[in-house]
Amino acid sequence: MKKILTIFFIFVSLAVSGSPEGKAYIGSFNALRLGETKKDYKELSNILVLLDIIGLQEVSNREGVETLVDEISKNTNEKWDYHISPYPVGTKKYKEYYAYIWKKDKVSFIKSRGFYKDKGDKFIREPYGADFKIGEFDFTFVIIHAVYGKNKSVRIAEAMNLPKVYDYFQKLDEKENDIIIGGDFNLSVRSEGFSNLLNHEDKIINCISPNMKTTIGTKGYANQYDNIFISEIYTKEFTGRSGGIDTANGNYKKTREVISDHIPVFIEADTSKDDD
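Remember, it's a predicted structure, so these values are computed and weren't measured experimentally.

Colleague: What should I look at first to understand the pattern of salt bridges in this one?
Modeller: Side chains bearing opposite charge may pair, as long as their charged atoms lie close to each other. One pass over the structure, following the stated rule, counts seven salt bridges. Of the charged contacts in the structure, one is a salt bridge between Glu36 and Arg33, with a shortest N-O distance of 3.6 Å. Overall, Arg33 belongs to the partly exposed group, its relative accessible area being 30%. Its salt-bridge partner being Asp131, residue Arg113 comes within 2.9 Å of it at the nearest N-O pair. Residue Arg113 is found in strand β7 (residues 107-115), and its partner Asp131 is found in strand β8 (residues 128-134); the two are separated by 18 residues along the sequence. Like Arg113, the residue Asp131 is buried in the burial classification.

Shown next as C-alpha cells:
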C-alpha cells in the first residue's frame, strides 16, 4: 500500500471555531438514518457548523436534511443550504439518500453529477457526485456508503472497484481534475481492498490516518471506517491537514443514540487559488 502524506491530525474539540480565511474544511459524515431516528439536532448543528461543507451518508428523507439545515442556520445566524440525491439507493429492504449541506456565504453549489453508472452492479449503493466551488477552488465531491454485508470479503470486493468510480467522475469534465471521494467505507484503509485505489496512476492518497478510529462503540471509539481520498497530483489545494471531530466527548452511548455511531471526518483545503 502506498504511503500517505505526512498528516497533521486535528481531532477537533467542540470549542474550535470554523475554518480560517482562505481555507475550507470539507467533511464527510455518516449521519445514522438522518430523519428517521431520534436526533438532537441542536447538538448535531453545533458539531457540523465547524465544517464548511459536509457530504452526508445514511440520509433517510429530505425532512431530516431540512431540519438539520434549519437548526444550523438558526443556531449560527448563518445561512446554510443543501442538495439531496434525486432518489435513494440500496436494496429492497433498505435504501438511503446522499446529501450535502454547506455554508451559503462560503460555498457555491455548481451542479449535480448524478450517480456513478454502476454497469456491473459492483456497489450496493452507487456513489453520488456534485460540483462545488469555495473561493477559487472548484472540485467534484463524491460520496459513498459502502456495503457492510455478512462478511469482510464483500466489503473488500466493493473497495477494489473504487478506481472505476474515481475514473468515471474524473472523465466527466476534462477541465475539472479535483475529485474528492469521501464516505463510510465499512473497511479500514489498511485493508487490501484499497490497494487498487492507492496505486492509481493519479497518486490517490487517503487523507484520514488508519490510526484514527471513526466509529463509536458503547464504550469508546471502535473502527477506522470513514475516510477521504484525493489525488496528490491534482488536488494540491489539500494542505495536508485532516482529522475528525470528537462528537462523543466520553459519552459514547448517548452520542450513538442522538448523534451518530460515526464521527465527521474532514480535510483542510487552500481556497485562495485553483490549480486546474
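Colleague: Can you walk me through the nonpolar core in this structure?
Modeller: Within soluble globular proteins, side chains that are nonpolar generally end up buried alongside one another. Counting 51 residues, the largest nonpolar core has Ile26, Phe132, Phe141, Ile180, Phe194 and Phe229 as the members making the most contacts within it. With six residues, the top contributor of residues to this core is strand β9 (residues 137-145). Membership of the second largest hydrophobic core comes to 26 residues, among which are Leu44, Leu48, Ile72 and Ile259.

Colleague: Sorry if this is basic, but what is going on with the sheet that holds β8 here?
Modeller: Paired through their backbone hydrogen bonds, the strands of a sheet run either parallel or antiparallel. Strand order in the open sheet formed by six strands is β7-β8-β9-β10-β12-β11, with mixed pairing between adjacent strands. In the strand order of this sheet, the two ends are held by β7 and β11 (204-206), each with one partner. Direction aside, the axes of adjacent strands within the sheet are offset by 20 degrees on average. Of the pairings in the sheet, the one linking β8 to β9 comprises seven bridges and is antiparallel in character. Within the sheet, the bridge partner assigned to Gly129 lies in β9 and is Val142.

Colleague: When you look at the side chain of Ser28 in this model, what are you seeing that I'm missing?
Modeller: Position of Ser28 among the secondary structure elements: in strand β2 (residues 23-34). On the basis of relative accessible area, Ser28 is assigned to the buried category, the value being 1%. Of the polar contacts made by the side chain of Ser28, one reaches the side chain of Gln57; its length is 3.0 Å. Reaching out from Ser28, the side chain makes a polar contact with the backbone nitrogen of Gly183 at a distance of 3.0 Å. Ignoring sequence-local partners within four residues, the contact set of Ser28 consists of Ile54, Gly55, Gln57, Gly182, Gly183, Ile228, Ile263, Pro264 and Val265.

Colleague: Would you take a moment to explain helix α3 (residues 152-159) for this structure?
Modeller: Three or four residues apart is the spacing at which side chains of an α-helix point the same way, because the helix has 3.6 residues per turn. Taken together, the buried positions of α3 are Arg155, Ile156, Glu158 and Ala159. End-on view of α3: buried residues confined to an arc of 165 degrees, all on one side of the axis. In this structure, the buried residues of α3 make contact with α4 (162-171).

Colleague: Would you mind going over the pairing of strand β6 (residues 95-103) with me for this structure?
Modeller: The two faces of a sheet get side chains in turn, since along a regular strand they alternate between them. Counting buried positions over the nine residues of β6 gives seven, a clear majority of the element. Of the pairings in the sheet, the one linking strand β3 (residues 53-59) to β6 comprises five bridges and is antiparallel in character. When the bridges of β6 are listed, Val59 appears paired with Tyr97. In the sheet, strand β4 (residues 80-84) pairs with β6 via five bridges, with the strands oriented antiparallel. Each bridged residue has a counterpart across the sheet, and for Asp81 the counterpart in β6 is Trp102. Relative to β6, strand β5 (residues 89-90) is paired through two bridges, and the arrangement is antiparallel. Its bridge partner being in β6, Gly90 is matched across the sheet by Lys95. In this antiparallel pair of consecutive strands, β5 and β6, the connection spans four residues.

Conventions adopted
Residues numbered from 1 in each chain as written. Predicted model: local features only at pLDDT ≥ 70, side-chain atom pairs only at ≥ 80, totals over all residues. Heavy atoms only, no water. Salt bridge = Lys/Arg side-chain N within 4 Å of Asp/Glu carboxyl O. Buried < 20%, exposed > 50% of the residue type's maximum accessible area, 1.4 Å probe, protein only. Helix = DSSP H or I, 4+ residues; strand = E, 2+ residues; numbered from the N terminus. Core = buried A, V, L, I, M, F, W, Y, C linked by side-chain atoms within 4.5 Å. Pairing = 2+ DSSP bridges. Axes fitted to C-alpha atoms, helices over the stretch in contact; angles between N-to-C directions. Polar contact = N/O pair within 3.5 Å; in protein donor to acceptor, adjacent residues only side chain to side chain. Contact = heavy atoms within 4.5 Å. Arc of directions from axis to C-beta.

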